[in-house]
Amino acid sequence: MQEQELKDLISSIKEQKAERQNVELKSAEKGFPGKIYDTLSSFSNQDDGGIIIFGIQEKPEFHVAGVYNAAEVQQKIMEASQQMEPKVRPLITIATVNDRTVVSAEIPGADISQRPVYYKGTGIVKGSFIRVGDGDLPMTAYEIYAYEAFRKRIRDDLRQVDEADRRLFNQGRLARYLASVKEDRKNLAENVTDEEILELMGVTSGGVPTISGVMTFSLYPQAYFPQLCITAVSVPGVAVGDQTPDGVRFLDNKRITGAIPEMLDEAVEFVRKNSRTMTVIDENGKRKDRPEYPPRAVREAVLNALIHRDYSQYTENTPVSIEMYQDRMAVRSPGVLFGRATVDMLGKSRPEPRNAALINILELLSVAENRYSGIPTMYHDLREQGMPDPEFEIQRGDFVVTFRNVIIPIGEPADKRDMVSAILAYCRTPRSRKELIDFSGLSQYYLMKKYVTPMLTDGRLKRTLPDKPKSSKQKFVSYSG
């Protein structure tokens, strides 16, 4: 970072009066901060790394107080960086702001094969941190394990389920699967027994059913793993806890069990049953009814949650969940993205799968395609129905996909009050101008003049790039104070 870039960053922070996902402020006017290991760890463990700025006091008003001794601050930063495993290599910048000296340390994101980066003094369990908003939080045992599983190529979908009984498999499905293997994999059609096929394909391991085998063929997998199921709820509002006037908290509430094929079908039916119907007028003036959420997009979201979830011992007590609200539907899957995959890569590349054996089994049963078409299908079907793109995010160990609906009941006008509320709800995730235009169905001029600009003026919306209001990368986010 150049000196002027550091000055510009400090000016932006003072204006916004907030730290960031990738910026941490440390007061160092009277001495070096007592603890920076947590931030060295959390920044190293995120892809974009982060910047620690020494010499700014958050209270009052993000005051530039300067550092007590710039040379010693640099030395202390380097000493602390040497105490990390693996060692951190910060880039130091010094700048003068308001006649005060500030020091920044740019912390690069470590390669995933080296994570988690942790403080050697407390060890990997207590010394590994993750950045959440503007704070450093201890990594959970699962988050640490997720890095280890990728690095060591641990295959949890091939874990043996010692108590599982092959006699309680769905024998018809198993027979169809064996026939499909022999037809599709010609080299397994001859001179290979059925037992050997099950071993080679990951249905069994050492003659014992695997997680993949149990979740696909068992008559009731929840006998061994009660929480490897789906919990589905329909809420009469926009948040858990909202109630109907007569005190009903859930319009529908169901635990969905069985093997993956049964759970998938039942989950799609749950969403259909609890969805509203949108009436639209086609180009010929005829009314058509269409579901609140495109069925194929729903199926892909649920299927992805079931086949890409983490099946390790750390998550086996956490079900997949479907949450239906008045303004959205969310499918939550236990487990962070696997390996080098990032949210930005979804639908654009072919990441390494977490559960290769399970996916392969379901492909041969024609349940999954294994062609990385699920997320593109979601985008296509939502856009075709005039809905916002799906939202993907990681929430402390869970992967969440959200569909936001655009239903306006027949006979109810989309007045200004409703549109303002809709825009604020939609902008809980930062949105570009184009996304807002697509979402609202309004022209850019009308949208900006009637809604966005007034909400920017009164503070309900904020720009993500306040210093560059006309930037093509500008987005708008709801501000909750």
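For the structure itself, consult the block above.
Residues numbered from 1 in each chain as written. Predicted model: local features only at pLDDT ≥ 70, side-chain atom pairs only at ≥ 80, totals over all residues. Heavy atoms only, no water.

Caption draft 1: Structural detail: the pattern of salt bridges. Scanning the entire structure with this criterion turns up 32 salt bridges. The partner of Lys 152 in a salt bridge is Glu 148, and the shortest N-O contact between them spans 2.7 Å. With Lys 152 and Glu 148 both in helix 5 (residues 141-152) and four residues apart, the pair spans about one turn of that helix. Here Arg 173 makes a salt bridge to Glu 262, at a shortest N to O gap of 2.3 Å. Within this pair, whereas Arg 173 is found in helix 6 (residues 171-184), its partner Glu 262 is found in helix 9 (residues 260-273), the two being separated by 89 residues in sequence. On the accessibility criterion, Arg 173 (8% relative accessible area) is buried. On the accessibility criterion, Glu 262 (32% relative accessible area) is partly exposed. When salt bridges with common partners are traced through the structure, they connect Asp 327, Arg 328, Glu 391, Arg 404, Arg 428 and Arg 431 into a single cluster. (Salt bridge = Lys/Arg side-chain N within 4 Å of Asp/Glu carboxyl O. Helix = DSSP H or I, 4+ residues; strand = E, 2+ residues; numbered from the N terminus. Buried < 20%, exposed > 50% of the residue type's maximum accessible area, 1.4 Å probe, protein only.)

Caption draft 2: Highlighting unusual backbone geometry. Going from Glu 85 to Pro 86, the amide bond is cis rather than trans, its omega being -5°. With respect to the helices and strands, the residue Pro 86 is situated in the loop between strand 5 (84-85) and strand 6 (91-97).

Caption draft 3: Expanded view of the nonpolar core. One finds Tyr 177, Ile 230, Val 302, Ile 322, Met 329, Val 331 and Phe 403 to be the most contacted residues of the largest nonpolar core, which totals 61 residues. Ranked by the residues each element gives to this core, the list is headed by helix 10 (residues 295-308), at eight residues. Each residue touching Val 331, except ones within four places of it in the same chain, is listed here: Ala 301, Val 302, Ala 305, Val 320, Ser 321, Ile 322, Phe 399, Val 400 and Val 401. If you look at the next biggest cluster of nonpolar residues, it comprises 19 residues, including Phe 43, Ala 70, Met 84 and Tyr 119. (Core = buried A, V, L, I, M, F, W, Y, C linked by side-chain atoms within 4.5 Å. Contact = heavy atoms within 4.5 Å.)

Caption draft 4: Up close: the packing of aromatic side chains. With the rule as written, the count across this model stands at eight aromatic pairs. Centroid distance Tyr 37 to Tyr 119: 3.8 Å. Interplanar angle 10°. Geometry classified as stacked. With Tyr 37 in helix 2 (residues 37-44) and Tyr 119 in strand 8 (residues 118-119), this residue pair connects regions lying 82 residues apart in the sequence. Measuring from ring centre to ring centre gives 4.9 Å for Tyr 145 and Tyr 314, while their planes differ by 35°; the resulting arrangement is tilted. Separated by 169 residues along the polypeptide, Tyr 145 in helix 5 and Tyr 314 in the loop between helix 10 and strand 17 (320-324) bring together distant segments of the chain. When its relative accessible area of 38% is taken as the criterion, Tyr 314 is described as partly exposed. An aromatic cluster of at least three residues, connected via ring pairs, comprises Phe 169, Tyr 177 and Phe 217. The ring of Tyr 311 carries Arg 309 above its face, with NZ or CZ at 5.1 Å from the centroid. Seen from the ring of Tyr 325, Arg 328 lies directly overhead, with NZ or CZ sitting 3.9 Å from the centre. (Phe/Tyr/Trp six-rings, centres within 6.5 Å; stacked < 30°, edge-to-face > 60°. Lys NZ or Arg CZ within 6 Å of the ring centre and 35° of its normal.)

Caption draft 5: Fine view of the sheet that holds strand 6. Here we have four strands laid out as an open sheet, ordered 1-2-7-6, and mixed in their pairing. Two strands lie at the open edges of the sheet, namely strand 1 (23-26) and strand 6, each paired on one side alone. Adjacent strand axes in the sheet meet at a mean angle of 20° when their direction is disregarded. In the sheet, strand 2 (residues 50-54) pairs with strand 7 (residues 100-107) via five bridges, with the strands oriented antiparallel. (Pairing = 2+ DSSP bridges. Axes fitted to C-alpha atoms, helices over the stretch in contact; angles between N-to-C directions.)

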